[in-house]
Amino acid sequence: MTVTAFSYSSTSINVGQVTAVPTKIITGTAKSGPTYSSSNTSVATVDSSGKVTGKAAGTATITISYTNYDGTTATKTCSVTVYAKVTITAFSYSSTNVDVGKTSAAPTKTITGTAKSGPTYSSSNTNIATVASDGKVTGKVAGSVTITISYTNYDGTTATKTCSITIKNSTMIAQLSSNNYGDYVNYPVDLGIKSAGNALEDGSVPKTDWRIFYKDSTNIYLIAADFMPNSKNPSNVFVSTSGSYVSYWNSDSSKIPSATLTNKTNFLFTKLSKVSSSNNNCKAVLTLLDTSKWSKFVNSTYADACIGGPTLEMWVASWNQLYPSTMVYYDAASTGYRYSTSSSDLTSSWDSVGYTSLKDKTGYSNTLYFTHKSSWNSCNAYWVSAPSAWSGYSGRAVCLAYYNGALSSASEDYNAYGVRPVVCLKSTVSAQKDANGIWQLQ
């Protein structure tokens, strides 16, 4: 007789796995058989029915034999490879925190044994994070997911291991550019602006009380979306108020509350040290810059400090980023700051440049800088936290952003100006923009 075919449904098996009986085809008639043998019983054994049992990793040759009536034998062989089952000894990511919209590096994994297939990866919640075929995780929304790595063994079993990943909203500052200046932020400090429902110059009603005004390399600064009601003023800053929105000081320096310059690393007042601290205008501005006076507007979860209005440095930096074709220039001396749309103006007499018009410039329509284009609730402008060098009120002029599109100045006791506080957010604050275009702090 002749053995024309001898095979197993699978010639790759795991240690401990038992195959099905083999398929065999013979011609003729045998005196006896079949019998089976293994070339290496330490790797695989075979029983009388031909079933092979894996013992250790390696390869064994299985032989089927028949005995003919004349004493000869008919044989055929089949090679079977035995593999150790996969064990995943390590599975991890270089960081278990992934920002929304970002993708992780591929994971590190260590296995023993040999898999039939894999690895494959799965996420416990694909609404929060997805995982690619190479194991890289992409954050979708904030939350936590379990990433599972799987290998399939030759016997059909699987080896798995998991790793928990936290999806976080990326730091707000990493997401922002100057294109976001003017965006509304749900910063949880109430100024009574949104609730009042008053429209800005463009007809829009503020979505929140705070808007993004500027960002530097480490922090984001929010400004009040409109004039703040003077009922919200902190104590010991202004000398007098008028109507619902006007706040001002007094020409008598003894009546201006004492103040200390704090948080020098924030708010960009880089030129203030040039101004004489004995000037009335400097004393008034210090009450705006003394962050201890404005601490009631600091939510410590999200913010580091607050001042009573943007510094000239910050106002100009914000404007110049959005409108580089209409640059504003400034400097300071003992009498205060001067500013102009022409850098050459800063070389002339120090008391001559205390007014620069932006009315005919594109940015004048931006309510981030000029919330109204006419007197509003007796407010003609808002105070800018910088003394002015203008000689019209020598040593007393404070900078303003005026409704007519001017960076201007007026005496500290003029009762026609309001306040727009500025908050410095923590550098670590995370946020996500919602469907209404409002940044929700995390």
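All of the points below concern the structure found in this document. Not measured: the values here are computed from a predicted model.

Right, let's talk about the overall build of the chain for a bit. Of the regular secondary structure elements, the chain holds three helices and 32 strands. Overall size of the chain, expressed as C-alpha extent along the three principal axes, is 130 × 45 × 40 Å. Expressed as a percentage of contacts within the chain between residues at least 6 apart in sequence, the contacts between residues at least 24 apart total 63%.

Let us now look at the side chain of Thr 326. Checked against the element boundaries, Thr 326 lands in the loop between helix 3 (312-322) and strand 23 (329-333). Residue Thr 326 is classed as buried on the basis of its relative accessible area, which comes to 10%. Beyond its immediate chain neighbours, meaning those up to four positions away, Thr 326 contacts Trp 319, Asn 320, Leu 358 and Lys 361.

What follows concerns the pairing of strand 28 (residues 406-411). Taken across its six residues, strand 28 has six buried, putting it largely inside the fold. By the bridge criterion, two bridges tie strand 25 (residues 356-357) to strand 28 in an arrangement that is antiparallel. Bridge pairing links Ser 357 to Ala 406 in strand 28. In this structure, strand 27 (residues 397-402) lies alongside strand 28, joined through five bridges in antiparallel fashion. Paired with Ala 397 across the strands is Ser 411, a residue of strand 28. Between the antiparallel neighbours strand 27 and strand 28 lie three residues, among them Gly 405 with a positive phi of about 85°.

Here we come to the sheet that holds strand 17 (residues 184-185). Strands sit in the order 22-30-19-18-17-32-31 across an open sheet of seven strands; the sheet is mixed. Of all the strands in the sheet, the pair left with one neighbour each is strand 22 (303-307) and strand 31 (431-433). Here strand 31 runs beside strand 32 (residues 438-441); their pairing, made up of three bridges, is antiparallel. In the sheet register, Ala 431 faces strand 32, and the bridge partner there is Leu 441. Its contacts with the sheet put helix 3 on strand 18 (210-215), strand 19 (220-224) and strand 30 (422-425), and the angle it makes with strand 18 is roughly 85°.

This part takes up the sheet that holds strand 25. Strands pair in a sheet through their backbones, by hydrogen bonds, and they do so in one of two ways: parallel or antiparallel. Reading across the sheet, the five strands line up as 25-28-27-26-29 and stay open at both edges, with mixed pairing between neighbours. Edge positions in the sheet fall to strand 25 and strand 29 (417-418), since each of these pairs with one other strand and no more. Relative to strand 29, strand 26 (residues 381-387) runs parallel, the two being bridged by two bridges. Looking across to strand 29, one finds that Ala 381 is bridged to Tyr 417.

A word on the environment of Ala 60. Assignment of secondary structure puts Ala 60 in strand 7 (residues 58-67). Residue Ala 60 is classed as buried on the basis of its relative accessible area of 0%. Separated by 23 residues in the primary sequence, Ala 60 and Ser 37 have C-alpha atoms spaced 9.8 Å apart. With sequence-adjacent residues up to four places away left out, Ala 60 is seen in contact with Ser 38, Ser 39, Asn 40, Val 43, Ala 44, Cys 78, Ser 79 and Val 80.

Among the ten residues in helix 2 (residues 280-289), nine count as buried, and that is most of the element. Close packing links the buried residues of helix 2 with strand 22, strand 26 and strand 27.

Take helix 3 next. Most of helix 3 is tucked away, with nine of its eleven residues classed as buried. Among the residues of helix 3, Leu 312, Glu 313, Met 314, Trp 315, Val 316, Ala 317, Ser 318, Trp 319 and Asn 320 are the ones counted as buried.

For the coordinates displayed, the defined rule picks out ten salt bridges. One salt bridge connects Lys 361 with Asp 360, and the closest N-O pair in it is separated by 3.8 Å. On the basis of relative accessibility, which here comes to 63%, the residue Asp 360 falls in the exposed class. Among the ionic contacts, a cluster of salt bridges with common partners joins Lys 271, Lys 274 and Asp 331.

For the rest of this paragraph, the subject is the nonpolar core. With 90 residues, the main nonpolar core has Met 172, Tyr 187, Trp 315, Trp 383 and Leu 425 as its most contacted residues. Contacts of Met 172, omitting those with residues within four sequence positions, involve Val 185, Ile 212, Ile 220, Leu 425, Val 429, Ser 430, Ala 431, Trp 439 and Leu 441. Counting 20 residues, the second largest nonpolar core, distinct from the first, contains Ala 115, Tyr 121, Ile 147 and Ile 149.

Take unusual backbone geometry next. For the bond from Gly 33 to Pro 34, the omega torsion is 5°, close enough to zero to count as cis. Tracing the chain through its elements places Pro 34 in strand 4 (residues 32-38). Omega for the peptide link from Gly 118 to Pro 119 comes to 5°, which places this bond in the cis form. Mapped onto the elements, Pro 119 comes out in strand 12 (residues 117-123). In this structure, Asn 377 takes a positive phi of about 50° despite not being glycine. Note that Asn 377 resides in the loop between strand 25 and strand 26. Note on Asn 377: relative accessible area 42%, which makes it partly exposed.

Checked against the element boundaries, Thr 19 lands in the loop between strand 2 (12-14) and strand 3 (23-27). If near-sequence neighbours (up to four positions away) are discounted, Thr 19 is found in contact with Tyr 8, Ile 13, Gly 50, Lys 51 and Val 52.

Further remarks concern the pairing of strand 26. On a regular strand, one side chain projects to one face of the sheet and the next to the other, so that they alternate. For strand 26, a buried count of seven out of seven residues is recorded, marking the element as mostly surrounded by other parts of the structure. Strand direction decides the pairing type here: strand 26 and strand 27, joined by four bridges, are antiparallel. Paired with Ala 381 across the two strands is Tyr 402, which belongs to strand 27.

Turning our eyes to something else, we now look at the environment of Lys 433. By the element assignment, Lys 433 lies in strand 31. What makes Lys 433 partly exposed here is its relative accessible area of 39%. Each C-alpha atom, one on Lys 433 and one on Trp 319, is 23 Å from the other, the two residues being 114 residues apart in sequence. In terms of polar contacts, Lys 433 uses its side chain to reach the side chain of Asp 183, at 3.1 Å.

Thresholds, definitions, all that
Residues numbered from 1 in each chain as written. Predicted model: local features only at pLDDT ≥ 70, side-chain atom pairs only at ≥ 80, totals over all residues. Heavy atoms only, no water. Helix = DSSP H or I, 4+ residues; strand = E, 2+ residues; numbered from the N terminus. Contact = heavy atoms within 4.5 Å. Buried < 20%, exposed > 50% of the residue type's maximum accessible area, 1.4 Å probe, protein only. Pairing = 2+ DSSP bridges. Axes fitted to C-alpha atoms, helices over the stretch in contact; angles between N-to-C directions. Salt bridge = Lys/Arg side-chain N within 4 Å of Asp/Glu carboxyl O. Core = buried A, V, L, I, M, F, W, Y, C linked by side-chain atoms within 4.5 Å. Polar contact = N/O pair within 3.5 Å; in protein donor to acceptor, adjacent residues only side chain to side chain.

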